[in-house]
Amino acid sequence: MFREANRLLLFVAISLTASDGHQFNVQQTLAPVGGDLVRRGHQPVVLIPYKKGDTTAFKPLEAPFRQGGFSVLRFPLRQGKKQALADLEAIRKHLASEKTLDPERIYGLAAGSQGLILAATKTAANGLIWLTPVLEAGEWKAVTSAASWHQRPLRMVADLRDRFAVTTLKAILGSAYKKPVHKVIRSGLGRGADMLRRKPQMADQLLLSLKRWAGQNCDRTNQKKRSVTETGCSKEP
């Protein structure tokens, strides 16, 4: 593993090698040392996979997510099943080696097929925001696998024209899925990362969802909510 740090931006460039020999780069933005989301000295982390070559996808989220108390890992994720699982295993090992990250607060934010891969695996085990959900992508099939997905809070966001996949997934998951499943369907949202360009306020909305999930059993309590992104945490019992 190779890493190159930019101390000013609290940004770390990391090179990982998957079990099949494939090498890929991870862009890791480090959360502040302090903050309301600290738990036993550990920070929550958001995994943001993107398609190969689309290195700017979701980059605008790095700064607000970091300011909100999250470390962020952006990385290219291959779509083939064996390849994607190898990439995610390399990510899992990296997360385990990062002593400042909380292994019980690992969240995912992804669009389209990348979201389907995260939904069908356990890497983002504690919550997933899925923009423009899809029912299948290559070897990944939601209809036949959703019943066995790892359960975690799930938030699906889609343009009105893409509502079929969202309503189908919610029906498939049904009452057997014990974690909260929320869907947001609106006209004019666009697709995937383009939603952030069309609706800049969405960054705050996504951050608020993540903070609600991560804001349990933290070391501090923010008594006064000053903005939509400052929810504070519950004290550790």
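Residues numbered from 1 in each chain as written. Predicted model: local features only at pLDDT ≥ 70, side-chain atom pairs only at ≥ 80, totals over all residues. Heavy atoms only, no water.

### Here's the deal with the overall build of the protein
Secondary structure summary: the protein contains seven helices and eleven strands in total. Counting all 237 residues of the protein, 49% fall into the buried class. Of all intrachain contacts in the protein linking residues separated by at least 6 positions in sequence, the fraction that spans at least 24 positions is 64%. Surface accessibility of the protein: about 11,700 Å² in total, with carbon and sulfur atoms responsible for 52%. (Helix = DSSP H or I, 4+ residues; strand = E, 2+ residues; numbered from the N terminus. Buried < 20%, exposed > 50% of the residue type's maximum accessible area, 1.4 Å probe, protein only. Contact = heavy atoms within 4.5 Å. Areas by Shrake-Rupley, 256 points an atom, 1.4 Å probe, with all protein chains shown as cover.)

### Describing the nonpolar core
If you look at soluble globular proteins, the nonpolar side chains tend to sit buried side by side. The biggest cluster of nonpolar side chains holds 42 residues, and the ones touching the most others in it are Trp130 and Trp149. Beyond its immediate chain neighbours, meaning those up to four positions away, Trp149 contacts Leu116, Ala119, Ala120, Trp130, Ala142, Leu169 and Leu173. With 27 residues, the next largest nonpolar core counts Ile48, Phe58, Phe70 and Ala214 among its residues. (Core = buried A, V, L, I, M, F, W, Y, C linked by side-chain atoms within 4.5 Å.)

### Some words on the confidence of the model for the protein
Averaged over all residues, the pLDDT of the protein is 87; the fraction at 70 or higher stands at 87%. Here strand β1 (residues 2–6) stands out as the element of the protein with the lowest mean pLDDT, 44, in contrast to strand β7 (residues 128–131), whose mean of 98 is the highest. The low-confidence segment residues 1–8, where pLDDT is below 50, has 18 contacts with residues more than four positions distant or belonging to other chains. (pLDDT = per-residue confidence, 0-100.)

### Side note on the side chain of Arg152
The topology assignment puts Arg152 in the loop between α4 (142–145) and β10 (154–159). Here Arg152 sits buried without a salt bridge, and the closest side chain of opposite charge, Glu89, lies 14 Å off (N-O distance). A polar side-chain atom of Arg152 sits 3.3 Å from the main-chain carbonyl oxygen of Leu118. Of note is the side chain of Arg152, whose polar atom sits 3.1 Å from the backbone oxygen of Thr121. Not counting the four nearest positions on each side in its chain, Arg152 is found in contact with Leu118, Ala119, Thr121, Lys122, Ala124, Ala125, Asn126, Gly127, Leu128, Tyr177, Lys179 and Pro180. (Lys, Arg positive; Asp, Glu negative; His and termini not counted. Salt bridge = Lys/Arg side-chain N within 4 Å of Asp/Glu carboxyl O. Polar contact = N/O pair within 3.5 Å; in protein donor to acceptor, adjacent residues only side chain to side chain.)

### Observations regarding the environment of Ile172
For Ile172, the location among the structural elements is in helix α5 (residues 163–173). The partly exposed category is assigned to Ile172, whose relative accessible area is 30%.

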